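Read off the chains here:
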Amino acid sequence: MSLIIDAHNHLGDRPGAVQTGAELVAKLDLAGVAKGVVFPFVEGNFTNDFVKDAYEQFPDRLIPYCAVNPWERDAADIVRRCISDWGFKGLKLHPTINGYHLADPELVDPLFKVAEELDFPIIVHGASDLYNSPPEFAIMARRFPTVSLMMAHMGFFWSVDQAISFAGEFDNLYLETSRAPIFEIQTAVKRIGPHKVIWGTDSPFVDYEFEFQKMRRATDDEEGYRQIVGGNIARLLKL
Ligand SMILES: [Zn+2]
């Protein structure tokens with residue numbers, strides 16, 4: 001039986017939001033969740049240090065991803081250091097907050113090339129905003145077919161249908177469920193299968209237990225449910 005894993009949580013302390021590793025682990029415990037993927041808040045000047053410290057404190061419960069702003073000239077070096085030196089397992093990008101197109105070759109390809117080389121997955125903010133619309137994901141999924149790419153928020157609000165279509169078209173493109181309503185998630189599971197849908201909460205910006213319980217409604221199939229709440233992300237991370 002696969003582990004239950006939440007694929008999207010933020011750690012750190014920024015204006016308006018704070019979450020420590022200990023606070024998240026307490027939420028995982030209450031909900032019966034084995035592990036949480038964690039990365040920094042990406043507003044303002046952020047670093048990965050807070051996540052590194054939390055990972056050292058809870059190595060069995062937290063799965064750390066690096067976050068970078070590609071406008072920083074040393075972004076690819078930061079990613080390489082996170083993965084190779086600190087043992088981080090993936091990369092988080094937020095094109096809308098940091099102001100670039102996901103499919104920008106100059107800015108973003110160097111980061112995907114590191115992922116291609118070191119073999120780790122990438123999660124990208126994927127609400128229906130200009131900079132990270134589903135076609136931008138499709139371009140990157142096609143350009144880097146060996147990199148597993150997760151679309152956080154699965155195109156919500158306006159682009160869910162397009163998101164589902166592209167995730168069905170590209171083997172390496174997955175939909176992550178945080179902030180998406182249950183009807184849209186059920187539709188995704190029906191159209192492209194539970195193996196393409198990955199549970200995430202976007203904590204601390206949610207009622208954690210509700211986000212977990214929501215996934216019980218995603219499918220009637222127990223095996224499909226298990227894939228969504230942990231099996232798929234475990235496969236991507238080779239856990
Ligand atoms: Zn988030």
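Here is a short report on the structure shown in this document. Keep in mind that this is a model prediction, so the values were computed, not measured. Per chain, the residues get numbers from 1 upward, laid out in the order the sequence is written. Local features in this predicted model are restricted to residues of pLDDT 70 or higher, and side-chain atom pairs are both shown and tallied only at a pLDDT of 80 or more, whereas totals for entire chains, interfaces and linings draw on every residue. Values shown for side chains rest on all heavy atoms present in the structure; no hydrogens or waters enter the calculation.

Concerning the side chain of Asp109
Then, in step 1: Labels follow the DSSP assignment, with helices taken as runs of H or I lasting at least four residues and strands as runs of E lasting at least two, numbered in each case from the N terminus. Relative to the elements of secondary structure, Asp109 occurs in helix 5 (residues 105-118).
Then, in step 2: Look past the residues within four positions of Asp109 in its chain and what remains in contact with it is Asp104, Met140, Arg143 and Phe144. Only heavy atoms matter for contacts: two residues are in contact if any of them lie within 4.5 Å across the pair.

Concerning helix 1 (residues 21-31)
Then, in step 1: When a residue's accessible area, from a 1.4 Å probe over protein chains only, is under 20% of the maximum for its type it is buried; when over 50% it is exposed; and in between it is partly exposed. When helix 1 is considered as a whole, its buried residues turn out to be Gly21, Leu24, Val25, Leu28 and Ala31. Projected down its long axis, helix 1 shows its buried positions confined to an angular sector of 130 degrees, all on one face.
Then, in step 2: Contacts made by the buried residues of helix 1 are with strand 1 (5-14), strand 2 (17-19), strand 3 (35-40), helix 2 (49-57), strand 4 (62-67) and helix 9 (208-214).
Then, in step 3: Where helix 1 terminates, the next one or two residues include Gly32, which has phi positive at roughly 75 degrees. The directions from the helix axis to the C-beta atoms form the arc being described.

Comments concerning the pattern of salt bridges
Then, in step 1: A carboxyl oxygen of Asp or Glu within 4 Å of a side-chain nitrogen of Lys or Arg is what we treat as a salt bridge. Within the structure shown, the criterion is met by 11 salt bridges.
Then, in step 2: A salt bridge links Arg191 to Asp161; the shortest N-O distance between them is 3.6 Å. Taken as a pair, Arg191 in helix 8 (residues 182-192) and Asp161 in helix 7 (residues 160-169) lie far apart in primary sequence, 30 residues in all.
Then, in step 3: Judged by its relative accessible area of 53%, Asp161 falls in the exposed class.
Then, in step 4: Two residues, Arg226 and Glu222, come together in a salt bridge whose shortest N-O distance is 3.8 Å. Separated by 4 residues within a single helix, Arg226 and Glu222 lie in helix 10 (residues 222-237), roughly one turn from each other.
Then, in step 5: Note on Glu222: relative accessible area 41%, which makes it partly exposed.
Then, in step 6: Overlapping salt bridges bring together Arg216, Glu222 and Arg226 as one network.

Section: the coordination of the zinc ion
Then, in step 1: Atoms of type N, O and S within 2.8 Å of a metal are treated as its donors, and for Na, K and Ca the window is 3.2 Å; water is not considered, so some sites may appear to be missing partners. His8 (NE2), His10 (NE2) and Asp202 (OD) make up the full set of protein donors to the zinc ion, lying at 2.0 to 2.1 Å.
Then, in step 2: When the donors of the zinc ion are listed by position in the chain, the intervening gaps give H-x1-H-x191-D.
Then, in step 3: Overall, the relative accessible area of 1% leaves His8 in the buried class.
Then, in step 4: Looking at His10, the relative accessible area reads 6%, which means it is buried.

Looking at the packing of aromatic side chains
Then, in step 1: Here a pair means two rings of Phe, Tyr or Trp (six-membered ring of Trp) with centres within 6.5 Å. Their orientation is stacked below 30 degrees between planes, edge-to-face above 60, and tilted elsewhere. On inspection of all chains with the given rule, the structure shows 9 aromatic pairs.
Then, in step 2: Ring centres of Phe41 and Phe205 lie 5.7 Å apart, and the angle between their planes is 65 degrees; this geometry places the pair in the edge-to-face category. Here Phe41, found in the loop between strand 3 and helix 2, pairs with Phe205, found in the loop between strand 9 (197-198) and helix 9; they are 164 residues apart in sequence, far enough to count as distant.
Then, in step 3: The exposure class of Phe41 is buried, given its relative accessible area of 5%.
Then, in step 4: Clustering of aromatic rings is evident, with ring pairs tying together Phe156, Phe157 and Trp158.
Then, in step 5: Charge over a ring is defined by NZ of Lys or CZ of Arg lying within 6 Å of the ring centre and within 35 degrees of the ring normal. The positively charged end of Arg14 is found above the aromatic ring belonging to Phe41, 5.1 Å away from the centroid.
Then, in step 6: Residue placement shows Arg216 over the ring face of Tyr225; its charged tip is 3.8 Å from the ring centre.

On their own, these measurements won't tell you what the molecule is for.
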